[in-house]
Amino acid sequence: QSSAIKLATVVPDGSVWDKSLKQMGADWKTGTNGRVSTTVFSGGSQGDEATVLRKMRLNALQAASLTVVGLSSIDWSFNVFNIPFFFQNYDELNDVLQTLTPTLKQRVEQKGFVLLHWGHGGWLQVFSKQPVTTVADLKKAKLYTSAGDDTMTQWYKANGFQPRAMAMTDVLTGLTTGMIDALPTTPLASMSFQWYKQTPYMLDLGISPVVGATVISKRTWDAISPADRAKMTDVALQVEKQLQADVPKGDGLATLMMQNQGLKVTKGTGPEWQQLADNLGQTMRGKMVPPDIYDMAVKERDAFRQRKAAAGQPATAPAKPAAAPKAPAPRK
Amino acid sequence: MTRLFARIEDGIAALALAVMTVIPLLEIVLRRSVGIGIPGAGPIVQHLVLWVGFLGAAIAAREGRLLSLATGSLVPEGWARRVTTVIAAAIGCAVSTVLALAAVEFVQSERGVGSSFAAGIPTWVAELVLPIGFALIGLRLAWRAGERWPARALAATGLVAGWFLGTHPALLEGRSALPGLALIVLGGALGAPIFAILGGAAAVLFMADGITPAAILIETYSLSVSPTLAAIPLFTLTGFLLAEGKASERLLRVFRALFGWIPGGTAVVCAVLCSFFTAFTGGSGITILALGGILFPALVKDGYRERFSLGLLTASGSLGLLLPPSLPLMLYGVVAQMPIEDLFIGGILPGILLTTMIAAWGMREGLLSGAGRQSFAAGEAGAALWDAKWELLMPIVVVGALFSGLATSVEAAALTAAYALFTQAAIHRDLSIRRDLLRVFAECVGLIGGVLVILGVAVGLTSWLVGAQVPMHLVEFTRAHIESRTMFLLALNVFLILVGCLMEIFPAIVVVVPLIVPLGQAYDVHPVHLGIIFIANLELGYLTPLVGLNILLASYRFKRPVLDVARAALPMAAILGIGVLVITYVPWLTLGILHMLGRS
Ligand code: NA
Ligand code: NA
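The rules behind the values
Residues numbered from 1 in each chain as written. Chains lettered and ligands numbered in written order. Predicted model: local features only at pLDDT ≥ 70, side-chain atom pairs only at ≥ 80, totals over all residues. Heavy atoms only, no water. Pairing = 2+ DSSP bridges. Helix = DSSP H or I, 4+ residues; strand = E, 2+ residues; numbered from the N terminus. Axes fitted to C-alpha atoms, helices over the stretch in contact; angles between N-to-C directions. pLDDT = per-residue confidence, 0-100. Salt bridge = Lys/Arg side-chain N within 4 Å of Asp/Glu carboxyl O. Buried < 20%, exposed > 50% of the residue type's maximum accessible area, 1.4 Å probe, protein only. Contact = heavy atoms within 4.5 Å. Buried area = accessible area lost by both parts, 1.4 Å probe. Polar contact = N/O pair within 3.5 Å; in protein donor to acceptor, adjacent residues only side chain to side chain. Nonpolar A, V, L, I, M, F, W, Y, C, P; charged D, E, K, R; others polar. Domains from an automatic or database assignment. Parallel < 35°, antiparallel > 145°, perpendicular 65-115°, else oblique. Patch = residues over 30% accessible without salt bridge, like charges linked within 9 Å, V, L, I, M, F, W, Y side chains within 5 Å. Areas by Shrake-Rupley, 256 points an atom, 1.4 Å probe, with all protein chains shown as cover.

Chemist: Quick question: what am I supposed to make of the sheet that holds strand β3 (residues 63–67) of chain A here?
Modeler: Hydrogen bonds between backbone atoms are what pair the strands of a sheet, whose relative direction is either parallel or antiparallel. Residues and elements named next belong to chain A. If you walk across this open sheet you meet the 5 strands as β2-β1-β3-β10-β4, and the pairing is mixed. Two strands lie at the open edges of the sheet, namely β2 (36–41) and β4 (113–123), each paired on one side alone. Along the sheet, successive strands turn relative to each other by an average axial angle of 20°, direction set aside. Of the pairings in the sheet, the one linking strand β1 (residues 3–9) to β3 comprises 3 bridges and is parallel in character.

Chemist: For this particular structure, what's the right way to read the confidence of the model for chain B?
Modeler: Low pLDDT marks stretches whose predicted atomic positions should not be read closely. Residue and element names in this part refer to chain B. Summing up the model confidence of chain B, the mean pLDDT is 87 and the portion of residues at 70 or higher is 97%. When mean pLDDT is compared element by element in chain B, helix α5 (residues 129–143) scores highest at 97, while helix α25 (residues 549–558) scores lowest at 75. Reported for the predicted complex are a pTM of 0.87 and an ipTM of 0.85.

Chemist: When you look at the pattern of salt bridges in this model, what are you seeing that I'm missing?
Modeler: Should the charged atoms of two oppositely charged side chains come close, the side chains can pair. Residues and elements named next belong to chain B. Tallied over the entire structure, the rule returns 34 salt bridges over all chains. Salt-bridge contacts for Glu63 lead to Arg62; the nearest nitrogen and oxygen are separated by 2.9 Å. According to the relative accessible area criterion, Glu63 is partly exposed, its value standing at 38%. Exposure remark for Arg62: the relative accessible area of 18% places this residue in the buried category.

Chemist: What exactly am I supposed to notice about the interface of chain A and chain B here?
Modeler: You'll often see interface size given as the accessible area lost when the parts meet. The interface is formed by 24 residues belonging to chain A together with 47 residues belonging to chain B. Between chain A and chain B, the buried area comes to about 2,800 Å², and carbon and sulfur atoms account for 58% of it. For the salt bridge of Glu110(B) with Arg54(A), the shortest nitrogen-to-oxygen distance reads 3.0 Å. Between the two partners, chain A and chain B, sit 3 residue pairs in polar contact (both at pLDDT 80 or more). Breaking the side of chain A that touches chain B down by element, the ones donating at least two residues are β2, α2 (49–57), α6 (150–158) and α7 (171–177) of chain A. Here the residues of the side of chain A that touches chain B are counted per class, giving 6 nonpolar, 9 polar and 9 charged.

Chemist: In this structure, what is going on with unusual backbone geometry? I would like to understand it.
Modeler: Excluding glycine, residues mostly carry a negative phi; peptide bonds, for their part, are mostly trans. Located in the positive-phi region is Asn33(A), a residue other than glycine, with phi close to 55°. Tracing the chain through its elements places Asn33(A) in the loop between α1 (16–31) and β2. Judged by relative accessible area, which is 65%, Asn33(A) ranks as exposed. Its identity as a non-glycine residue notwithstanding, Asp524(B) has a phi of 60°, on the positive side.

Chemist: When you look at the domain arrangement of chain B in this model, what are you seeing that I'm missing?
Modeler: Residues and elements named next belong to chain B. In terms of domains, chain B is made up of domain 1 (63–224) and domain 2 (231–597). Relative to domain 2, the C-alpha centre of domain 1 lies at a distance of 30 Å. Across the domain 1/domain 2 interface, buried area totals approximately 2,100 Å², and carbon plus sulfur atoms make up 83% of it. Between domain 1 and domain 2 we count 0 salt bridges in total. The element contributing the most residues to the side of domain 1 that touches domain 2 is helix α8 (residues 194–208), with 8 residues. In terms of residue class, the side of domain 1 that touches domain 2 is built from 17 nonpolar, 6 polar and 3 charged.

Chemist: Is there a simple way to think about helix α9 (residues 214–224) of chain B in this case?
Modeler: Turn by turn, an α-helix covers 3.6 residues, leaving residues three or four places apart pointing in a common direction. Most of α9(B) sits out of view: 11 of its 11 residues are buried. Among all positions of α9(B), only Ala214(B), Ala215(B), Ile216(B), Leu217(B), Ile218(B), Glu219(B), Thr220(B), Tyr221(B), Ser222(B), Leu223(B) and Ser224(B) are buried.

Chemist: What am I meant to see in the packing of helix α14 (residues 306–316) of chain B against helix α26 (residues 562–585) of chain B here?
Modeler: The angle between the axes and the distance between the axes are what describe a pair of packed helices. Residues and elements named next belong to chain B. Across the interface, α14 lies against α26 with an axial gap of 8 Å and an inter-helix angle of 75°. By the angle between their axes, α14 is roughly perpendicular relative to α26. Seen from α14, the contacting residues are Arg307, Phe308, Leu310, Gly311, Leu312, Thr314 and Ala315; seen from α26, they are Val565, Arg567, Ala568, Ala569 and Met572. A breakdown of the residues in the contact of α14 with α26 according to their chemical character gives 8 nonpolar, 2 polar and 2 charged.

Chemist: What should I look at first to understand a nonpolar patch on the surface in this one?
Modeler: Residue and element names in this part refer to chain B. Side chains of Met487, Leu490, Ile578, Leu581, Val582, Tyr585, Val586 and Trp588 sit close together on the surface and give an oily, nonpolar patch of about 710 Å² of accessible area. Contributing elements (two or more residues each) for the nonpolar patch: α22 (485–502) and α26. Sorting elements by how many residues they give to the nonpolar patch places α26 first, with 4 residues. In this fold, Val582 is placed in helix α26. Residue class for Val582 comes out partly exposed when judged on its relative accessible area of 31%.

Structure, rendered in structure tokens:
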């Protein structure tokens, strides 16, 4: 019994994610003696994540590596990773992720998908034309939000921000014309798309991680033999581990490279940030994140912070990791 | 009863288009005053595009205005024409039915998910217009297959065949797609609508791969609701409103007063005026229909040869496609996922170049034939300028709204449409809100729908090509055979002219752009330059004998045989061809201004 898997993703062609997914496909093939062959479609060539999910439901595609945008449209519990300022660093994120994984896996399975592994996409930072250091600065900024994600736009509005929903292709124009003057994005993306040239300031506070995951349709997964499935899971988890190490390094390196080009990194000042973080989380509980998931995440995160504090480590290590020696090639 | 249904249908479609115009305007105002816009404004406007498009397609089918290839009209009138019409209609019916069933499957799948696109409205409810639209199109194709019942019944066998195929998709699975494709191409050549050729091909290819044709509808939906696409129907509306008012006459007067004294002045006027008009109506063919009626007699009266005049007007109908806010440039931006404004800026000099070349050819004709010219009168020029001031201000409204940060491209388009309505109806009073508005809106929706239904299925075909990894293989093949960039550009020109000969510009953008964008990257062609090369080449395609839209429309408008029009347009095609080569090999024309603005 052989399976042909078409795997779609919006990550850029040739990026670290794209390469690791293609490697995963190749390893699946060798690991299953050619019974599972995979074609990876990167760069959004199969459409945005909503489109990819529609195709998976009708079996026109079998697998996808999604960001939290697509994942949360499968099940709203994934919005827990979208809560602004909820996690302070990768250690907290990874700890909470591990705790939530069984529950989240079960929830996506009920929707007809199997979650194979997590993929880190980096950390959203605020890039802006004017320096943002206080909460008031951020609320004053005309903030880019994705035109496809109305819930998030409305949520920003309701909380006193000034979101401007637009297509991603309009970002550069929006920045040059002043329609927007701040956007949340990862350092790697900001460098790849050259947005940072229009936004010389980066608030190094880490809004939220860009969590991703590879999912396969349950129908395809169940048609594969248990032995082959085990092999595939092993390979997928290796990829997860590798991305866990590579992506933070890439973001750190991108930040350094942009700083060399004149990017100024600012720190959040004032006590309101922590308060804002708590308030914002509460507004999402039950509205955008299922209450039980929210509570589970808060409980584990706080327990983790206490364990860290008890062990004598600072609870608020920056989200930015140390720079790595290996440089990802910037895309033009 | 039928008339009542038609009026209700027109009413709903017109209302959808009107709401689509009003929401972005409110959004501009509210955002600047209260700081908070309308909840879900963006997604609602995007989903209205879907409704306008598919209700419009159904209206176009009702009026027999779905676009088809010109080859069908080459069959001699009489029994032969009646037979081919029925065959073409039957194939159109079959494809519509397959797509309608696929749309039902798509909507059901979406309903199972239970998502909402905005303001608590379920997504599947918005998508219902897809099966409804295709079902209406199928029924109407059967109805219009002939005047009498036997012809209609024969065409309706297509509905049955489509139903059978749609409910037994396994029939085609694993088999060769070639017989099905051949049948569809035959139907197209005999005059089946273009959407049936592209949609039918996509359905056959998907089904042969064992994939449901509902995959096509996923793409149709996704394209229709993409954030910037809404600008296209709104600018089409602008063109319609201008065409309905006396804007063309006022503009003709201005350009005549300004350029009429030049040798070949009237010809120059035609080129400039058509460019201006096409930029706003964007290759939808309105230029020839709206301006042909005034310009053709004007040229002939001034002593230009009929054949020259015919050729000039046919070619002029595609000038201006590179000038903002041209719809093909917008669609290119949507498909290639790049900033539309960059394409607009990049197209300015190439657009002016092509217009100038055609105008120069007109001057030559004027000198040779001694065609009449008028002397320059400052008073008349001033009066004409003053009379047309609102129309002349329009480009400034668009460009100002776009580049000042006041509006997104969709909002700028809505603003322009509102401006056109206000100036034509309230200031000039050429349009009566009560008498004309519903009719103009319904006609406009029909035109939008005729185009959108083609695009909607064309993306399905593209998606099959992507799934078969055609773009990747194309890059590999080209890199193995072509080394230099110069050679690549030459090959690209030849390829795109061929595409232009075989396909209409809008579906060509949707199908071919995803194939050439990776090639452009591989040969380091600037994305904006690639876009301008693409549209410039396809502009030529408007003038190719068999499927050129301008040839068809000119043949219809001036009541001349298709081949006569094609022959008359040949010299213009040659001139435009030279212009296209210049645009291709002098990237500065495209990128110069962008460099100066620091945008590339
Ligand atoms: Na898409
Ligand atoms: Na053509």
